Amino acid sequence: MFLNKIRVFLHISSCLIFFFFIINNVKSKEVEIISGIAEVVDGDTIKINKKKIRLFGIDAPEKKQLCKKIFLSISFISLNKNYPCGKISTERLKKRINNKLISCKSSGRDRYKRYIAECFEGKKNINAFMVLNGYAVAYRKYSSKFISYENTAKKEKLGLWAGSFEMPWEYRKKN
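Residues numbered from 1 in each chain as written. Predicted model: local features only at pLDDT ≥ 70, side-chain atom pairs only at ≥ 80, totals over all residues. Heavy atoms only, no water.

### A look at the overall build of the chain
What the chain contains, in helices and strands, is 5 helices and 10 strands. Considering the chain as a whole, with its 175 residues, one finds that 34% of them fall into the buried category. Long-range pairs, those at least 24 residues apart, make up 56% of the contacts in the chain between residues at least 6 apart in sequence. (Helix = DSSP H or I, 4+ residues; strand = E, 2+ residues; numbered from the N terminus. Buried < 20%, exposed > 50% of the residue type's maximum accessible area, 1.4 Å probe, protein only. Contact = heavy atoms within 4.5 Å.)

See below:
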């Protein structure tokens, strides 16, 4: 009789522990909506209500990153010049969304505790806008969602694709 009570107690305890692990796992996968007036940090990071948000699936040049663009081309000779592509990426995002009502769908956080999210102004996807116009690249390491937008920007030679540049993740490794 005593052993049966212990078995029942252990069985109920293990079921409760299993149940709490499942509930905790389901909670962590919930989508969190963050809405408010956006403030741009850089080309792929914004703040809303003091919450730092990293735009999902894209990577923009770092603020101090320089890229190269042809400024003079004569026959078979082309002359390049450096330009502040990281600063331009940041400024373009500011022009697009700064001080506007933005809604972001976050499904988690990164190792720096930033929310990872797709952000929208109305129905317009901000992440897609940045890649489609060549101000950011598809961050293939984390998603394939924006690759078609990148291919369009590359084909049209928009933004970064008008010249040459180092991928942002490669630039960060070196600097």
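### Quick notes on the nonpolar core
Ile46, Ile53, Cys104 and Cys119 are the most contacted members of the largest nonpolar core, which totals 25 residues. Non-local contacts of Ile46, meaning those with residues more than four positions away in its chain, are made with Ala38, Glu39, Val40, Val41, Lys51, Lys52, Ile53, Leu93, Ile97, Ile102, Cys104 and Cys119. (Core = buried A, V, L, I, M, F, W, Y, C linked by side-chain atoms within 4.5 Å.)

### Details of the pairing of strand E3 (residues 51-55)
The sheet contact formed by strand E2 (residues 45-48) and E3 spans 4 bridges and is antiparallel. Each residue of the ladder has a partner; that of Ile48, found in E3, is Lys51. Following E2, the chain reverses through 2 residues before pairing antiparallel with E3; Asn49 in that reversal takes a positive phi of roughly 50 degrees. Sheet topology places E3 next to strand E8 (residues 115-121); 3 bridges connect them, and they run parallel. Bridging from a neighbouring strand, Ile53 pairs with Tyr115 of E8. (Pairing = 2+ DSSP bridges.)

### A closer look at the packing of aromatic side chains
Applying the stated rule across the entire model yields 5 aromatic pairs. An angle of 40 degrees between the planes, with centres 6.0 Å apart, marks the rings of Phe146 and Tyr149 as tilted. A relative accessible area of 1% places Phe146 in the buried class. Tyr149 sits in the partly exposed class, given a relative accessible area of 31%. Taken together, a centroid distance of 4.8 Å and an interplanar angle of 80 degrees make the contact between Trp161 and Phe165 edge-to-face. An aromatic cluster is defined as three or more aromatic residues linked by ring pairs; in this entry it consists of Phe56, Phe146 and Tyr149. Its end group placed over the ring of Tyr83, Lys69 keeps NZ or CZ at 4.5 Å from the ring centre. Against the face of Phe129 rests Arg96, its NZ or CZ located 5.0 Å from the ring centre. (Phe/Tyr/Trp six-rings, centres within 6.5 Å; stacked < 30°, edge-to-face > 60°. Lys NZ or Arg CZ within 6 Å of the ring centre and 35° of its normal.)

### Digging into unusual backbone geometry
Positive phi outside glycine occurs at Asn49, with the angle close to 50 degrees. When you line up the elements, Asn49 lands in the loop between E2 and E3. At Lys50, a residue that is not glycine, the phi angle is positive and equals roughly 65 degrees. One can find Lys50 in the loop between E2 and E3. The exposure class assigned to Lys50 is exposed, which follows from its relative accessible area of 84%.

All quantities given are derived from atomic positions and should not be read as evidence of function.
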